[in-house]
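Survey of secondary and tertiary structure
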Amino acid sequence: IFSREKSSLDGANKNMTSSAPCNTAISGERYQFSEMYPSFANIFTRFHKCSTSTRTVKGNSSSRVKFTSAEKTFELGECMMVQRKLIPAFLEIIEETIGSNIEKDRFFRVSSSREEVSSILRDALKQGRCASSWEELPSGEGIGASWNLLWTWSRPKLDYDSLVIFQKINHFRNVKGLTRKDLLKKNLQRFCTCASHEAHKGKQLKNVSKLMPLTYVLPQEYNAFVAAFLAMQKIAGNKSSNFWILKPVGLSRGRGISLINNIEDISYADPIVTQKYLLNPLLFLGYKFDLRLYILVTSFNPLEAFIYKQGFGRFGTQKFSVNPESIHDERIHLTNSSIQQQYWDDLDPRHPVVLAGANGGGNKVTLSWLFEKLKVQGFDTRKMWIRISDLCLKTLLCVEDDIPHQPNAFEVFGFDVIFDEQLSPWLIEVNSSPSLARETDLDTRIKEDLIYDTVILVNPPAFNRV
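Rules and cut-offs
The numbering scheme is per chain: residues are counted from 1 as the chain's sequence reads. Given that this is a predicted model, residues contribute local features only at a pLDDT of at least 70 and side-chain atom pairs are listed and counted only at 80 or more, while totals for whole chains, interfaces and linings are drawn from all residues. Just so you know, side-chain values use all the structure's heavy atoms and leave hydrogens and water out. Paired strands are those between which DSSP finds at least two bridges. Each helix is a run of H or I in the DSSP string that is no shorter than four residues. Each strand is a run of E no shorter than two, and both are numbered from the N terminus. When checking whether two residues touch, look at their non-hydrogen atoms; a contact exists if any pair is within 4.5 Å. Every axis in this analysis is a line fitted to C-alpha atoms, fitted for helices over the stretch in contact. Angles between the N-to-C directions lie between 0 and 180 degrees. Here the term buried applies to any residue with accessible area under 20% of the maximum for its type, exposed to any over 50%, and partly exposed to those in between, with areas from a 1.4 Å probe on protein chains only. Remark: nonpolar core denotes a set of buried residues (Ala, Val, Leu, Ile, Met, Phe, Trp, Tyr, Cys) joined through side-chain atoms within 4.5 Å. Throughout, the term roughly parallel applies to angles under 35 degrees, roughly antiparallel to angles over 145, roughly perpendicular to angles from 65 to 115, and oblique to all others. Charged means Asp, Glu, Lys or Arg here, nonpolar means Ala, Val, Leu, Ile, Met, Phe, Trp, Tyr, Cys or Pro, and polar covers whatever is left, Gly included. Between Lys or Arg on one side and Asp or Glu on the other, a salt bridge is scored when a side-chain nitrogen of the former is within 4 Å of a carboxyl oxygen of the latter.

Let's shift gears to the sheet that holds strand β6 (residues 107-111). If you walk across this open sheet you meet the four strands as β7-β6-β8-β9, and the pairing is parallel. Because the sheet does not close on itself, it has two edges, and the strands there are β7 (135-136) and β9 (168-169). Inspection of the sheet shows β6 paired to strand β8 (residues 149-152) by four bridges, in the parallel sense. Paired with arginine 109 across the bridge in β8 is leucine 150. Along the sheet face, helix α2 (residues 115-124) touches β6, β7 and β8 and points at about 165° away from the line of β6.

Structure, rendered in structure tokens:
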């Protein structure tokens, strides 16, 4: 992404373009995203014309100098010069081990014990132009570190500074501030209250406090939560309709989630976040739904991010109700596929997933099908999409300064977002390593395409090892 020329993209998948053209000038080179990536939309990039001045940004406790684009260009240029010097020695080790048996220019390696990860990557890279340009790195040849692309489930234990130019890995370091529920809440809160950050980010972070429903981290913020709970109860005028949702900070896929409307029901052995439950979600045919969005970040600090135009609408399997008697009915209130899976066979014939036909599966429908139906109902889906992109961008900007620049890394994050009746999007959480399980034909189609399109966009450089 740093010095990619347009000519290097000309052979890319012809069905890829961007809805947000972006001209960039870096080191005298220009590249353009328009009409290159239809599967992704470029929601933000800091790779603009180089500035010549530095900025000093005040953090919570100390001041630190931020690199300008020009300085970052120089910094990366110096890094690449060093790496170029390392490559001959790197290849000499390979040649001593295997001679000239490697003729492919691009190799991938999967490092995960999860079958869902290894199998989908292998299948995705058998498609289209990837089939002829990618091959899995042979094992047992002593060349385990010479991959172009390393794909893992969790962040691998390796020295990122030892990676060379042609290597890409699908995880950044230091992203817990984005993907762990308690740390994300703290980062969003910090941005809401830090005037220097707000001034630094400018108008793009206006109303950042409206990103996420009212959230508290327990036990640290227990007193503040109690005060908020009682205040909301007074506003509601009905003790039983004051719904809050509890989530363990370190678990995913719906594990450990519960709803309460009585403060005496709170119990926990480990830290949790408690979040005001949205009582007025946007419904479709009477069912609650949220969105699973895929955000590809190709650079932090400076930030560059893309939103995948396809994704999932995830539905409850029973019609929505805020009747206090239904508070523990997970079929109504929780949309996680891992929770709803046991109810897939009992869907009503008029459930959105059933009506979606090939565009539905399990408790999910394609994002494109859902937006098409919402548009027919009179909703301004274009405005909804703009608001989604804005929400995702603001979330990334809130943590950008805490994640160092890592030119060899990229990552696909799973953003879970829900709309209220006023069409305001709310961030539920951000997932690192979103599920790649292919439990339905819909999963297979969407997720394989996601992996394929991600590799095409990231475009790890080819390197002839012979």
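Turning to α2, a few remarks are in order. The buried fraction of α2 is high, at seven of ten residues. Turning to α2, its buried residues are Glu116, Val117, Ser118, Ser119, Ile120, Leu121 and Ala124.

Moving on, we get to the sheet that holds strand β11 (residues 244-248). Spatial ordering of the open sheet is given by β10-β13-β11-β12, a layout of four strands whose pairing is antiparallel. Only two strands of the sheet have a single partner each, and these edge strands are β10 (215-218) and β12 (258-260). Pairwise comparison of adjacent strand axes, ignoring direction, gives a mean angle of 25° for this sheet. Note that β11 and strand β13 (residues 272-276) share five bridges and pair antiparallel. Following the sheet pairing, tryptophan 244 is matched in β13 by lysine 276. Each of β10, β11 and β13 is contacted by helix α7 (residues 222-236), which is oriented at about 140° to β10, the strand it contacts most.

Below, the discussion takes up unusual backbone geometry. Only a minority of non-glycine residues have a phi that is not negative, and only a minority of peptide bonds are not trans. With an omega dihedral of 15°, the bond running from leucine 218 to proline 219 counts as a cis peptide bond. Residue position: proline 219 is located in the loop between β10 and α7. Residues asparagine 301 and proline 302 are joined by a peptide bond in cis, for which omega reads 10°. Note on placement: proline 302 falls in the loop between β15 (287-299) and β16 (304-308).

Here we take up the nonpolar core. Core analysis: the largest hydrophobic core is formed by 58 residues, its most contacted members being Leu291, Val297, Phe300, Leu370, Ile388, Leu396 and Phe415. Those elements giving two or more residues to this core turn out to be β3 (40-45), α5 (181-193), β15, β16, α11 (367-376), α12 (381-399), β20 (411-419) and β21 (425-432). It is α12 that provides the largest number of residues to this core, a total of ten residues. Core analysis: the next-biggest nonpolar cluster, separate from the first, contains 30 residues, Trp134, Tyr308, Leu442 and Ile456 among them.

Remark: α11 packs on α12, axes separated minimally by 9 Å, with the N-to-C direction vectors making an angle of 135°. For the element pair α11 / α12, the angle class is oblique. On α12, the residues that touch Leu367, Phe371, Leu374 and Lys375 of α11 are Thr381, Met384, Trp385 and Ile388. Taken together, the residues of the contact of α11 with α12 sort by class into six nonpolar, one polar and one charged.

With that settled, the discussion passes to the pattern of salt bridges. Taken as a whole and judged by the stated rule, the model has 16 salt bridges. When the shortest N-O distance is used, the salt bridge between glutamate 429 and lysine 181 registers 3.7 Å. One end of the pair, glutamate 429, is in strand β21; the other, lysine 181, is in helix α5, with 248 residues separating them in the sequence. Side by side, glutamate 429 and lysine 181 carry an identical accessibility label, which is buried. Connected via shared salt-bridge partners are Asp123, Lys126, Arg438 and Glu448.

The subject of this paragraph is the pairing of β21. In terms of burial, β21 is largely enclosed, as seven of its eight residues are buried. Between β20 and the antiparallel strand that follows it, β21, lie five residues; leucine 423 among them carries a positive phi value of about 65°.

Turning our attention to the environment of lysine 181. Classification of lysine 181 by relative accessible area gives buried; the value is 14%. For lysine 181 and leucine 251, which are 70 residues apart along the polypeptide, the C-alpha to C-alpha distance reads 9.2 Å. Setting aside its immediate chain neighbours within four residues, lysine 181 contacts Lys247, Pro248, Val249, Leu251, Val273 and Glu429.

Honestly, it's all geometry; don't read function into it.
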